[in-house]
Amino acid sequence: MPSPSAIDSDSAAPRWTEREVELLTVTLDLLQQNGFDRLTIDDVAARARASKATVYRRWPTKADLVVAAVSHSLSRTVIAPDTGSLRGDLMQLAEFLIRQATALADTLTAILIEVRRNPHLSAVVEQLLLQEKRPINQTILRQAADRGEIHPSKIDTDLWDILPGYLLFRFLVPGRPVTPDTARALVDEILLPALTSAPAPGRPADD
């Protein structure tokens, strides 16, 4: 029987010790409050009641510490939904991405400028926000192809990043709040028509 929900899980094994998680959590809080440029390892150590040496032993630079904090906050175990329909799966994915973006909006705003200057941080954010979601999207599309809702050629489409990319954009632009109608419009007016259309010219109509 198709699973009706639960795309998001915390079941992955922890990457950090309890003390490291505490330091990363403090870093994230200060990052959200002060932004990247005003964040200091002195402040992190003081807030966490740790020595600077403890922090530096694990993360040699502020950039390393921020990358770890962002990576920890964005890491999730995500399981593709299987509601029995392509629309249902896409809506559940959209709802998950909205919850994730809502929780991380302050963090992403705080690092927005630094992401452009720091290739390592940029790569981490892209990997965790976009690249790790690609297998989920491909699973959703493979399920839809198996049900006969879409042509198999659509499984590897570049449309997969429209949903997370647009929702992230809306969260980072002041005055453009994301609403349930945003997700419905993306799914019903953009993704579903594109995914259920005939294969592009040059692609075979059948396998």
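Structural notes on the packing of aromatic side chains
Then step 1. The final tally for this structure, using the stated rule, is one aromatic pair.
Then step 2. We note K62 situated over the ring of F36; from NZ or CZ to the ring centre the distance is 4.4 Å.

Brief notes about helix α5 (residues 86-117)
Then step 1. For α5, with 32 residues, the first-to-last C-alpha span of 38 Å runs short of the 46 Å given by 1.5 Å per residue.
Then step 2. The largest bend in α5 amounts to roughly 60 degrees and is located at L104.

Quick notes on the packing of helix α1 (residues 18-38) against helix α4 (residues 62-74)
Then step 1. It is the contact of α1 with α4, at a shortest axis distance of 9 Å, that shows an interaxial angle of 110 degrees. Compared by their axis directions, α1 and α4 come out roughly perpendicular. Every residue of α4 that contacts α1 at V21, L24, T27, L28, L31, F36 and D37 is listed here: K62, A63, L65, V66, A68, A69, V70, H72 and S73.
Then step 2. Class assignment of the residues belonging to the contact of α1 with α4 gives a composition of 11 nonpolar, three polar and two charged.

Focus on the pattern of salt bridges
Then step 1. Per the stated rule, a full pass over the model turns up 10 salt bridges.
Then step 2. With a closest N to O distance of 2.9 Å, R117 and D37 form a salt bridge. Note that R117 is positioned in helix α5 and D37 in helix α1, a separation of 80 residues in sequence.
Then step 3. With a relative accessible area of 57%, D37 lands in the exposed category.

Cut-offs and rules
- Residues numbered from 1 in each chain as written.
- Predicted model: local features only at pLDDT ≥ 70, side-chain atom pairs only at ≥ 80, totals over all residues.
- Heavy atoms only, no water.
- Phe/Tyr/Trp six-rings, centres within 6.5 Å; stacked < 30°, edge-to-face > 60°.
- Lys NZ or Arg CZ within 6 Å of the ring centre and 35° of its normal.
- Helix = DSSP H or I, 4+ residues; strand = E, 2+ residues; numbered from the N terminus.
- Expected span 1.5 Å × (residues − 1).
- Bend = angle between axes of the 7 residues up to and from the residue.
- Axes fitted to C-alpha atoms, helices over the stretch in contact; angles between N-to-C directions.
- Parallel < 35°, antiparallel > 145°, perpendicular 65-115°, else oblique.
- Contact = heavy atoms within 4.5 Å.
- Nonpolar A, V, L, I, M, F, W, Y, C, P; charged D, E, K, R; others polar.
- Salt bridge = Lys/Arg side-chain N within 4 Å of Asp/Glu carboxyl O.
- Buried < 20%, exposed > 50% of the residue type's maximum accessible area, 1.4 Å probe, protein only.

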